[in-house]
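One letter stands for each residue in the lines below.
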Amino acid sequence: MERTNIVHVPKKAIQDVQETARHIKEQYGAGKKYFVESYGCQMNDHDSERLRGMLDIMGYTPSENKFEADFIIFNTCCVREHAEKRVFGNIGALKKIKDERPNLIIGVCGCMMQQKAVSDRLFKRFPFVDLVFGTNELHEFPQMFEKVLSGVRVKKVQESDGEIPEGLPATRINTLSTSLVVMYGCNNFCSYCIVPYVRGRERSRNISDIIDEAMHLADKGYKEITLLGQNVNSFKSDDGHDFADVLHAMNDIEGIRRIRFMTSHPKDLSDKLIDAMAGLEKVCNHIHLPVQSGSDRVLKLMNRKYDSAHYMHLIDELRKNVEGIEITTDIIVGFPTETEEDFEATLDIVRQAEFSAAFTFKYSPRTGTAAARMDEQVPEIVKKERLHRLNSCCTEIITTNNQKHIGTIGEVFVEGVDMRDKPMAFGKLSNFKMVYFPGDKDLIGQFLNVKITKTKHNSLFGELL
Ligand code: SF4
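Turning our eyes to something else, we now look at the overall build of the protein chain. The helix and strand tally for the protein chain stands at 15 helices and 21 strands. The C-alpha radius of gyration of the protein chain comes to 23 Å, within 12% of the 23 Å expected for a compact globule of 465 residues. Counting only C-alpha atoms and orienting by the principal axes, one finds that the protein chain spans roughly 60 × 55 × 50 Å. Within the protein chain, counting contacts between residues at least 6 apart in sequence, those at least 24 apart form 73% of the total.

As structure tokens, this is what we get:
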């Protein structure tokens, strides 16, 4: 697959974004509120943070309640099943509010809108929606919004031309831990996945831009950064740096204590990356490595570009080199033509790999993907039964594996306090395991040593040392 020519959106265009946003503040922004509803993955969440960043410059203030907002925007995702039905339903429900408050502005953006047929349908069906745009127009949001404020309905969805907008403002939701996008798009075309069609081809940021942003986040007090990309470990910058180089550069940033990354593709997991994970103290000992199936025949149909033997080889290398590593995964059951034998192979790889968590899904077709056109779709009842068996198998393995943590001491980065029963502080170990222990909100933001005393479901419980 050829790489896209990467074009960085000129600095001038980003300055124009800020200029327009400030103009909106002077003209319209006073006392106005916005409500952003975000669907889908962390990439989408980060796009929502950038929407919030631009709205904040426009003088709008965030609201938790869409009924009092002057601007409501849905940042949609098309990856999950029935997403379209849900989003259309939620937008339809806004008609009543719009009838009562005609000055309310309603916007819809994100990867679902990047599918032209869907955004056309939405714009036609809901004439009260004022603004629709895709994933490639995010940096033009203030200009489009200004047109809407002047009374024009706007819809803009264009193909990706490989642009990377640097320097867009972002208002981050979390204050301790945050994400940083290092690359956009995906070239893999897994046969079930819509992402390459809606997020475009792979394009990596310059390593210097990534490090500038990370240093800025460290200055603001962030201690943990998750590096994001649809296929993060295939990062390749114009000047020849790979993802292991990004980890090395990140590891040198003062103030950052933990570095995570997702999502990795097995075919791009190099020895150099495993060495970086093993040798760099701030890089967490966890990897999310989707296996999707244990059947080589199904993996081929999925266009995953590895087989089960290669996947298990990677697991062995990771365990051999990265001390205490925990591996999490994604698995799809009921891919078209999947037989009982194929499914048994998936159960086998789950048992061999001993994942510490698995996100499991029933296959469901996405319009426009190769798998949706395949014959021999697996009946729903079979998918359901296989998912149930898979989940039981995963739970058994996770429960057994959790036992090995009892008696160990690990450093927890405290994220919050659960007040349901008695106050329990919670946070993650470097290996991504969630740990609960008696503690109050004063502990939030601290790195504390906790001794694990018991396990329950997928979590560990312990006491502060
Ligand atoms: S690697 Fe495959 S599953 Fe992941 S985003 Fe790319 S096409 Fe989709």
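Here the narrative resumes.
Moving on: the site of the ligand. Surveying the vicinity of the ligand reveals the residues Cys186, Asn188, Phe189, Cys190, Cys193, Val195, Pro196, Gln230, Asn231 and His265. When grouped by side-chain class, the residues that make up the shell around the ligand number six nonpolar, four polar and no charged.

Let us now look at the packing of helix α14 (residues 340–353) against helix α15 (residues 380–403). Viewed as axis vectors pointing N to C, α14 and α15 meet at an angle of 15°, and their least axial separation amounts to 10 Å. On the basis of the axis angle, α14 is roughly parallel to α15. Helix-helix and strand crossings are classified by hand; for α14 and α15 the assignment is right-handed. Counted together, Phe343, Thr346, Leu347, Val350 and Arg351 of α14 and Arg386, Leu390, Cys393, Cys394 and Ile397 of α15 form the full contact between these two elements. In the contact of α14 with α15, the residues fall into seven nonpolar, one polar and two charged.

Moving on: the pairing of strand β20 (residues 447–456). As paired elements, strand β17 (residues 409–418) and β20 share five bridges and run antiparallel to each other. Looking at the pairing, Ile409 lines up with Lys451 of β20. Bridge count for β20 against strand β21 (residues 459–464) is six bridges, and the pairing is antiparallel. Among the inter-strand pairings, Val450 is bridged to a residue of β21, identified as Leu464. What sits between the antiparallel neighbours β20 and β21 is a turn of two residues, in which His457 has the positive phi angle 50°.

Our next topic: the pairing of strand β15 (residues 326–333). Among the eight residues in β15, six count as buried, and that is most of the element. Of the strand pairs in this sheet, strand β14 (residues 286–288) and β15 are connected by three bridges, and their pairing is parallel. Its bridge partner being in β15, His286 is matched across the sheet by Glu326. With six bridges joining them, β15 and strand β16 (residues 357–362) adopt parallel strand pairing. Note that in β16 the partner of Asp330 across the bridge is Phe359. Each parallel crossover has a hand, and for β15 linked through α14 to β16 it is right-handed.

Okay, the sheet that holds strand β18 (residues 424–428) next. An order of β17-β18-β19-β21-β20 is seen for the five strands of this closed barrel, with the pairing classed as mixed. On average, each strand axis in the sheet is inclined to that of its neighbour by 50°, with strand direction left out of account.

What follows covers the environment of Ile287. Positionally, Ile287 belongs in strand β14. Judged by local crowding, Ile287 falls into the buried class, with 27 C-beta atoms found within 10 Å. Between the C-alpha atom of Ile287 and that of Gly107, which follows or precedes it by 180 residues, the distance is 36 Å. In this structure Ile287 touches Ser264, Leu318, Ile325 and Ile327, once residues within four positions along its chain are discounted.

Moving on to unusual backbone geometry. What you tend to see is this: most non-glycine residues have negative phi, and most peptide bonds are trans. Residue Thr263 follows Met262 across a cis peptide bond; omega there is 0°. With respect to the secondary-structure elements, Thr263 resides in the loop between β13 (258–262) and α11 (271–279). Although it is not a glycine, Gln292 adopts a positive phi angle of roughly 70°. Considering the arrangement of structural elements, one finds Gln292 in the loop between β14 and α12 (296–301). Within the chain, Glu376 stands out as a residue other than glycine whose phi angle is a positive 55°.

Attention now moves to the domain arrangement of the protein chain. Splitting the protein chain by domain gives domain 1 (7–163), domain 2 (174–258), domain 3 (285–403) and domain 4 (409–464). Taking only C-alpha atoms, the centre of domain 2 and the centre of domain 4 are 27 Å apart. Counting residues at the interface gives five residues for domain 2, matched by five residues for domain 4. Residue composition of the side of domain 2 that touches domain 4, by class: one nonpolar, no polar and four charged.

How each quantity is defined
- Residues numbered from 1 in each chain as written.
- Predicted model: local features only at pLDDT ≥ 70, side-chain atom pairs only at ≥ 80, totals over all residues.
- Helix = DSSP H or I, 4+ residues; strand = E, 2+ residues; numbered from the N terminus.
- Rg over C-alpha atoms; globule rule 2.2 N^0.38 Å.
- Contact = placed C-beta atoms within 7 Å.
- Near = placed C-beta within 6 Å.
- Nonpolar A, V, L, I, M, F, W, Y, C, P; charged D, E, K, R; others polar.
- Axes fitted to C-alpha atoms, helices over the stretch in contact; angles between N-to-C directions.
- Parallel < 35°, antiparallel > 145°, perpendicular 65-115°, else oblique.
- Left-handed = near helix turned anticlockwise from the far one by under 90°.
- Pairing = 2+ DSSP bridges.
- Buried ≥ 20, exposed ≤ 12 C-beta atoms within 10 Å, placed from the backbone.
- Right-handed = clockwise from strand over helix to strand, strands pointing away.
- Domains from an automatic or database assignment.

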